[in-house]
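# Coordinate analysis (summary)
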Amino acid sequence: MQTQEISKDEQDVLKAIESMTQSFNSNDIEGVMSSYQSDALVIFEPKTMVTDFKTLKEMFLGAFSINPKFEYPNGHEVFVNGDTATHIAPWIMTGTAPDGTKIKQSGLSVAMLKKQENGKWLLTFDNPHASFLMDK
């Protein structure tokens, strides 16, 4: 079996995803929001797009109410083409509803990132429900 080395850009994209995930798992709204371009499109629920940055922040703050923890047990795929990248990864999320009910969900995340002039990669599109049509 051959191991493929990943480029610096691919490493930086993974770091951007890991940073956003760590911020989300820590309920760090500033860290989460700084992971996105101001015009990003996020799919919080299948067929529900959010593009307004203020609404996006409110949705993340609402999600924090279940103290979510995201993991990517099967790893990540990253594809970089110039200043654009695609990140694909199956995920598992656990949390606890305000009434104490345990929550466990899973899905497939497909995200697009853009390399900024300062070299930082930011999310421009984030769909954690990319398996929606397959699950119908």
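Look above for the structure.
Everything in this summary refers to the structure shown in the same document. (Residues numbered from 1 in each chain as written. Predicted model: local features only at pLDDT ≥ 70, side-chain atom pairs only at ≥ 80, totals over all residues. Heavy atoms only, no water.)

### Concerning the environment of V78
Within the secondary structure, V78 is located in strand β4 (residues 77-81). Remark: the alpha-carbon pair of V78 and S26, spanning 52 residues in sequence, is separated by 24 Å. Apart from the residues within four sequence positions on either side, V78 is in contact with E10, V13, L14, T86 and H87. (Helix = DSSP H or I, 4+ residues; strand = E, 2+ residues; numbered from the N terminus. Contact = heavy atoms within 4.5 Å.)

### Details of the packing of aromatic side chains
Throughout the structure, instances matching the rule amount to 6 aromatic pairs. Measuring from ring centre to ring centre gives 5.7 Å for F24 and F60, while their planes differ by 75 degrees; the resulting arrangement is edge-to-face. Of this pair, F24 sits in helix α1 (residues 8-25) while F60 sits in helix α3 (residues 53-63), and the two are 36 residues apart along the sequence. Taken as a pair, F24 and F60 share a single burial class, namely buried. (Phe/Tyr/Trp six-rings, centres within 6.5 Å; stacked < 30°, edge-to-face > 60°. Buried < 20%, exposed > 50% of the residue type's maximum accessible area, 1.4 Å probe, protein only.)

### Comments concerning the pairing of strand β1 (residues 36-45)
By the criterion of burial, β1 is predominantly enclosed, with 7 of the 10 residues buried. Relative to strand β7 (residues 121-127), β1 runs parallel, the two being bridged by 3 bridges. By the bridge assignment for β7, V42 is matched with D126. Note that β1 and strand β2 (residues 48-50) share 3 bridges and pair antiparallel. Paired with V42 across the two strands is V50, which belongs to β2. Linking β1 to β2, which pair antiparallel, is a turn of 2 residues; within it K47 sits at a positive phi near 70 degrees. (Pairing = 2+ DSSP bridges.)

### Quick notes on the pairing of strand β5 (residues 84-96)
In the sheet, strand β3 (residues 69-71) pairs with β5 via 3 bridges, with the strands oriented antiparallel. Note that in β5 the partner of K69 across the bridge is T94. Bridging between β4 and β5 involves 5 bridges; their strand directions are antiparallel. The partner of V78 across the bridge, within β5, is H87. Hairpin connection, β4 to β5: the antiparallel pair is bridged by 2 residues, and G82 has positive phi, about 70 degrees. Where β5 lies against strand β6 (residues 102-115), 13 bridges are found, and the strand directions are antiparallel. When the sheet's bridge partners are listed, T96 is paired in β6 with K102. In sequence, β5 turns back onto β6 through a hairpin of 5 residues, with G100 there showing a positive phi of about 95 degrees.

### Re unusual backbone geometry
Comment: phi is negative for the bulk of residues other than glycine, and the bulk of peptide bonds are trans. Not every positive phi belongs to a glycine, and N27 is a case in point at roughly 55 degrees. Mapped onto the elements of the fold, N27 is located in the loop between α1 and α2 (29-33). Assessed through its relative accessible area of 32%, N27 is described here as partly exposed. In this structure, K47 takes a positive phi of about 70 degrees despite not being glycine. You can call K47 exposed: its relative accessible area is 69%.

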